[in-house]
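# A look at the structure
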Amino acid sequence: MTNNIENNPLLNINQFPDYDTIAPEHALPAIEYLCDKAKTDINELLANAPITWETYEQLEAIDDTLGKAWSPISHLHSVMNNDEWRNAYQACQPIISQYGAEMSQHSGLYNFYCGLRDSDAFATYTDTQKKLVTDAIRDFELSGVSLSDEKKAEYQRLVQSASELYTTFSNNVLDATQSFHLHITDEQELAGIPDSALALYRQLAEQNEVEGFWLTLDFPSYVPALTYADNRELREKLYYAYNTRASELSDDGAFDNTDIIEAILAVRSDLAALLGFEQYADLSLANKMAESSVQVINFLTDLVKKSKAQGEKEYAELLAYGKEKLGLSDIQPWDIAYISEKLKQAEYAISQEQLREYFPVPKVIDGLFDIVGRLFKITFSENSALSKWHKDVQSFTVKNTDGEEITYFYMDLYARQGKNGGAWMNGAIDKIDSRLVQQKPVAYLTCNFIPPTDNLPAYLSHDEVVTLFHEFGHGLHHMLTTVTHSPLSGINGVEWDAVELPSQFMENFCFEKAVLQKMSAHKETGEALPDDLFDKLTAAKNYHSALMMLRQLEFSLFDIKIHSEYDTDNPQDVITTWKNVRKDVAVTPSPEYARFPMSFSHIFAGGYAAGYFSYKWAEVLSADAFSRFEEEGVYNENVGKAFKQEILQRGSSRTAMENFIAFRGREPEITALLRHNGIAC
Ligand SMILES: [Zn+2]
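Residues numbered from 1 in each chain as written. Predicted model: local features only at pLDDT ≥ 70, side-chain atom pairs only at ≥ 80, totals over all residues. Heavy atoms only, no water.

### A few points about the coordination of the zinc ion
Within the protein, His-470 (NE2), His-474 (NE2), Glu-500 (OE) and Glu-500 (OE) serve as the donor atoms for the zinc ion, at 2.1 to 2.7 Å. For the zinc ion, the 4 donor atoms are set out with angles of 53 to 140° between them, so the coordination reads as irregular. In primary-sequence terms, the residues that donate to the zinc ion follow H-x3-H-x25-E. Of this pair, His-470 and His-474 both sit in helix α17 (residues 462–479), 4 residues apart, which is roughly one turn of that helix. Like His-474, His-470 is buried. (Donors = N, O, S within 2.8 Å, 3.2 Å for Na, K, Ca; no water. Tetrahedral: all angles 85-135°; square planar, octahedral: opposite > 155°, others 65-115°. Helix = DSSP H or I, 4+ residues; strand = E, 2+ residues; numbered from the N terminus. Buried < 20%, exposed > 50% of the residue type's maximum accessible area, 1.4 Å probe, protein only.)

Okay, here's the thing in structure tokens:
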């Protein structure tokens, strides 16, 4: 134990975690030690130190030390998941969440912040300092700091049990996903599937030491098969497996999330009740930009109304095309992606696989750095000195125009075994500039693109380019912050329903000709994306946009409903609720066996509970923000500067609404979103 403390690379992390030395056995001793020490140090400060900003900075430093140790543990658990890291993470997790719950209910700390607010010095604080203090007080109150001791204990028990349930939920999804594979030896069964996916299936077969092809339910494997395989039975088999993941219908129920979801909803309902809220949604919205679940439901329902007629038209077109041109009568859910792609190719003669030939990763990265560099006056250079957790990872230094290093990030782009699916940005280090801590922000950018092969770089589909820009938008929000205290710096403290503003904003650049040409080079000819393809891409951009809008609205309404209509005495089955939402919203069919909620990790294992609507909410913000660039010029440096200064750098030092108005000169409007989606309004 002592050795694990003395030589533990998770303690004393200074600017960068040392990935060459961090190992699973360091996790538990570090977390136990730091949590204990933090509690002791905090209590000592509260007992002896004056109620001043200087004391606040000491508290911030304590918190940051623990955060810097925990960040690489949870990161490695997500990207290098194996038994050792999973065990290490699971051993730490209850300690961390218990610590978090204890701190958020610490009446001494609460009194300290109230003391700061009531002190004479408060009037002399900057707006940022004032907001930090009042946000902290609000969050303490949302965490039940005024509960009786008995109820506080109950609160902590519920928080810990929720966090264990989330971990179980997401492990079930991962295990259910990995438990399935199809081993295929006859290439003819895979007719229609593009070479890039076939190469992945071959690679996976090799890894599993068999001949032929190995198909899994991971996104890069599943999506191309469902979209392109001419083999209808194969699509059906995969579709069934994917849509019953982690339910009673797969793996003999070994990874069934039904009871887990029931338990999660019950725990959340108890938590809300304990804090004096009627429903969990009310608790969730208390620190969001949206004001009530009624407002959210109205917002979503309004979008459903505006999109549904167009969605029905799009689906009718798809059915007609499937029947007339592809000879598919009795069209089934596993045909939809396939027909949709064929129709898209026929109407726009463009496919993601055709586009993939134009976007080699190194060129895309250069293009991304170029546009971001020009707009926000920063430069990028690879920083090979930093230690990394995998050979595929790259790290970069970002400088401002004076040549000053302002931030750093890691890019981990490719899918591999043991890495959670999807794409995300996480903060590794928060920006702090206080008397005690001076550190620059560091970000993790994680994607799951098809890896490069022996003799070719990785190529991205246009959708994947969009994903990369999206996550980079989150990264910029974290990295370019000038706020000097961690609770408000970067994306910290930003309202959930506004946090997608910079990311969705960045996506818009992937539809600008000059940006795309700069980052494209055809696999064989090396030519940039030609005009005719660009025109088709633009035309295809809004292909089935109403169907996609409706899908997101379905998820959002399902989420807000299960969290705002929960009846303790008579908990409704979530599958039934989901199907009822579909009746109002969906225009495409879904089979009886579909169990989508069982793998809806965003709301059952992530932070989007009663907050999935945030994606659409933030799209309104990002579309409206980008429309200022459309009005004044996409490369307009003044607009870039204003976006950087009023939004990216501000973190949560002001409310999202204040940031938005400062940039746009008015409150957000919904029209730009509908226009960008090609939906008449
Ligand atoms: Zn995002």
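More follows now that the structure is in view.
### Let's talk about the sheet that holds strand β5 (residues 405–414)
The 5 strands are arranged β3-β4-β5-β9-β6 in an open sheet whose pairing can be described as mixed. Edge positions in the sheet fall to β3 (378–382) and β6 (424–429), since each of these pairs with one other strand and no more. Strand after strand, the sheet turns through a mean of 25° between neighbouring axes, direction not considered. (Pairing = 2+ DSSP bridges. Axes fitted to C-alpha atoms, helices over the stretch in contact; angles between N-to-C directions.)

### What to know about the packing of helix α4 (residues 83–104) against helix α7 (residues 149–179)
Interaxial distance between α4 and α7 falls to 9 Å at its minimum, and their mutual angle equals 150°. Taken together, α4 and α7 sit at an angle that is classed as roughly antiparallel. Of the two elements, α4 crosses α7, and the hand of that crossing is right-handed. Each of Arg-86, Gln-90, Gln-93, Pro-94, Ser-97, Gln-98, Ala-101 and Glu-102 in α4 lies in contact with α7, whose residues at this interface are Gln-156, Val-159, Gln-160, Ser-163, Glu-164, Thr-167, Asn-171, Leu-174 and Asp-175. For the contact of α4 with α7, the class distribution of residues is 4 nonpolar, 9 polar and 4 charged. (Parallel < 35°, antiparallel > 145°, perpendicular 65-115°, else oblique. Left-handed = near helix turned anticlockwise from the far one by under 90°. Contact = heavy atoms within 4.5 Å. Nonpolar A, V, L, I, M, F, W, Y, C, P; charged D, E, K, R; others polar.)

### Regarding the nonpolar core
The biggest cluster of nonpolar side chains holds 143 residues, and the ones touching the most others in it are Val-372, Phe-376, Phe-409, Phe-469, Phe-472, Phe-509 and Phe-604. Looking at this core element by element, the count peaks at 10 residues for helix α21 (residues 545–562). Apart from the residues within four sequence positions on either side, Phe-472 is in contact with Leu-368, Phe-369, Val-372, Phe-380, Phe-409, Leu-445 and Met-479. Within the second largest apolar cluster, 58 residues are counted, among which are Ala-88, Cys-92, Phe-140 and Tyr-410. (Core = buried A, V, L, I, M, F, W, Y, C linked by side-chain atoms within 4.5 Å.)

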